[in-house]
Structures are given as C-alpha cells and as structure tokens.
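# Per-entry structural report
For reference, the chains in residue letters:
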Amino acid sequence: MTALDVVSLGEPLYELNRQPDGRFLPGFGGDTLNVAIAAARLGSRCAYVTRLGGDFFGDELRELMVSEGLHMAGITLDEAAPTGVYFVTHGEKGHVFTYRRQGSAASLVTPADLDPALITGARFLHVSGISLAISASARQTVEAAIAIALGAGVQVSFDTNFRPRLWTDAEAREPIERVASQAHILKTSAEDCAALFGLDDPEAIAQHFLAIGSKAVVVTLGAEGVLLATGAGVEKVPGRRVEAVDATGASDAFTGALLSELARGQAIAEAARFANVAAALSTQGYGAIAPLPRRAAVEAARSLSD
C-alpha cells in the first residue's frame, strides 16, 4: 500500500512580505514546500525532504510543517547553518523577490540525507530547478532522489523554475533538460523557456519537452490558464478570473493541486482544471503559503463558475 501521495524535496524559506502600509508580514515559502503544503491542504498525504537551520526561522518552519500535517521523517537539522530568508515587495510590474539564502542549511543537503523508503512509498516525487541551482550537493541529492523514485516506479514531477540570479542559462540548460527528460509531469513557463531555449510559444515549448522524454508537459500562462500537452495531444485549459492581490506561489499552488488530484485518480486534464481554480484562489491573499486554499474552497469556487 502506498504510504504517501507526494514527497517534495527542496529549499524552505522564511518569508517577509511587504504590505501596502510598509510593514513586512512574516510567512513562509520555497517552491517545493509550497507544493507540499498546497497538496496537503487538499487532503493529500505529503512529506518534505530538506535541511533546516538551527535558528528561529528553522524552528518556525518546522512548526509550520507539523501544523500542516507533513510527514517529518525527511527533515534533517543542521545547527551550524542558517535557514534561508526572502523578502517580497510589490510594484506596478508585480511582485519582486530578494533572497538571503547563500550557505543555507537546505543548500548543504546531500544524498546521505535521503531516506529511500520515504521516496519509494510515494506516488509522486516533486523537485525543482531551484534545488538544482542552489549548490552542487543539492543537485546531486535531487538526482539521487530521482534515481530512487524511478527505480521504484514512483512518478517524478519537475518544475523548471529557472532563476537567473542563481545560475546562468548556459549553466542551467543541461541539468534542467536531464531532469526534464525523466519527468512524468513537467511544469514550466514561457519566461523560463525564452531564457533557456529561446522558445516563447507554448506549443513549441511543450513539443520541446515531449521530444526529450517528458511524459506530460504543463506550460503556465498566468491568468490565461495553462497549456497541457501529452503524447495524446494538446489542450489549453483556461484560467479562472479573480481579484488578485499577490501572485506569490500561485504556480506552486497549481502544481500541488495538480499532483493531489492525480493522486486521487483524476485524469490530467480534469486535474489541471481543478488546479487552475486552486491557483487563482491562492492569489487572493498575501504570501506564498498563507492563502493556499483547502478543498472545500476550491470545490465551492468551481461549483459557482461551472
């Protein structure tokens, strides 16, 4: 019997999100943590794999993970390293991130920190391009986790999440394509692919990843929804319109909801429609994690608009 729906591996961060009055609202984030909690709030059984620093920020993140019901067997404490922190500010062009993550505990994770039984007992392993970028040992850990997952028949979910502040497009291209070629679910964006491959047409992006081995490709289109492509064809899944205040973590809300629905046995197109609603709802509050919706809210929003 499968013990978990989603095991997510990566870098958790403490968040400080600037409000309209100038105050910074404390919170939490980190792309793969957002995914794990998004799925957990929708009823999935989730675990997180990382290192936390032995500081206030790490303590707060640990308390968050426990309160959200994440399985904690994959968490390693590193007393000698700090927990990463990031700031979110808002302007006419949207939200802007400023990071303080160099030498973070999460960046020091190694393959020895992995518990193979945790991964082999899951339906999905989720990883991201950020974890490939933050350090050589983190990249090795992602690749080792994927090898464990594939060896056990566990499906791999991968978000390209290219961050030019962490590495150049030339440095990122080969590692991202190598992981993408092994992914059952590949999520990306036109922005990522314009930087990495010179591609900005969603269908061309999808075909690029299908050609290298990705089984299903999701290209996020912001408020317009997503383009979904598999070997069976291409479908545009329209987005849901809401009064958004902060899009921090919306794409992670989508991924978490998508994996949660797939774990429940939904077809991928139906899962993407559900995930679009979850992502839209997540933009109605500040921060990456605080506004992630629960299942009742997503189902209620779907019933009003269907």
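Refer to the structure presented above.
Conventions we followed
Residues numbered from 1 in each chain as written. Predicted model: local features only at pLDDT ≥ 70, side-chain atom pairs only at ≥ 80, totals over all residues. Heavy atoms only, no water. Helix = DSSP H or I, 4+ residues; strand = E, 2+ residues; numbered from the N terminus. Contact = heavy atoms within 4.5 Å. Buried < 20%, exposed > 50% of the residue type's maximum accessible area, 1.4 Å probe, protein only. Arc of directions from axis to C-beta. Pairing = 2+ DSSP bridges. Axes fitted to C-alpha atoms, helices over the stretch in contact; angles between N-to-C directions.

Structurally, the position occupied by Tyr-286 is in the loop between α10 (268-282) and α11 (295-305). Along the sequence, Tyr-286 and Asp-21 sit 265 residues apart, while their C-alpha atoms lie 13 Å from each other. When sequence neighbours within four positions are dropped, the list of residues in contact with Tyr-286 reads Asn-17, Gln-19, Pro-20, Leu-25, His-90, Val-245, Asp-246 and Pro-291.

We now examine helix α7 (residues 190-197). Every α-helical turn comprises 3.6 residues, leaving residues that sit three or four positions apart pointing alike. What α7 keeps buried is the set Asp-192, Cys-193, Leu-196 and Phe-197. Relative to the axis of α7, the buried residues are bounded by an arc of 90° and lie together on one face. The elements touched by buried residues of α7 are α6 (169-180), β10 (185-189) and α8 (202-212). Positive phi shows up at Gly-198, right after α7, with a value of about 70°.

The four strands lie next to each other as β3-β2-β6-β7, forming an open sheet whose pairing is mixed. Among the strands making up the open sheet, the edge pair consists of β3 (24-29) and β7 (94-100). If you compare each strand with its neighbour and ignore which way they point, the axes differ by 25° on average. Across seven bridges, strand β6 (residues 85-91) lies against β7 in antiparallel orientation.

The subject of this paragraph is helix α1 (residues 31-41). α1 sits mainly inside the fold: eleven of its eleven residues count as buried. Residue Gly-43 follows α1 closely and has a positive phi angle near 105°.

Taken in spatial order, the nine strands of this open sheet run β5-β4-β1-β8-β9-β10-β11-β12-β13, and their pairing is mixed. Since the sheet does not close on itself, it has two edges, and those belong to β5 (75-78) and β13 (233-238), each with one partner. Averaged over all pairs of adjacent strands, the angle between strand axes in this sheet comes to 15°, irrespective of strand direction. Relative to strand β4 (residues 46-53), strand β1 (residues 4-9) runs parallel, the two being bridged by four bridges. Across the sheet, residue Val-7 finds its bridge partner in β4, namely Ala-47. Taken strand by strand, helix α9 (residues 250-263) contacts β1, β8 (122-128), β9 (155-159), β10, β11 (216-220) and β12 (225-230), and its axis lies near 165° from that of β8.

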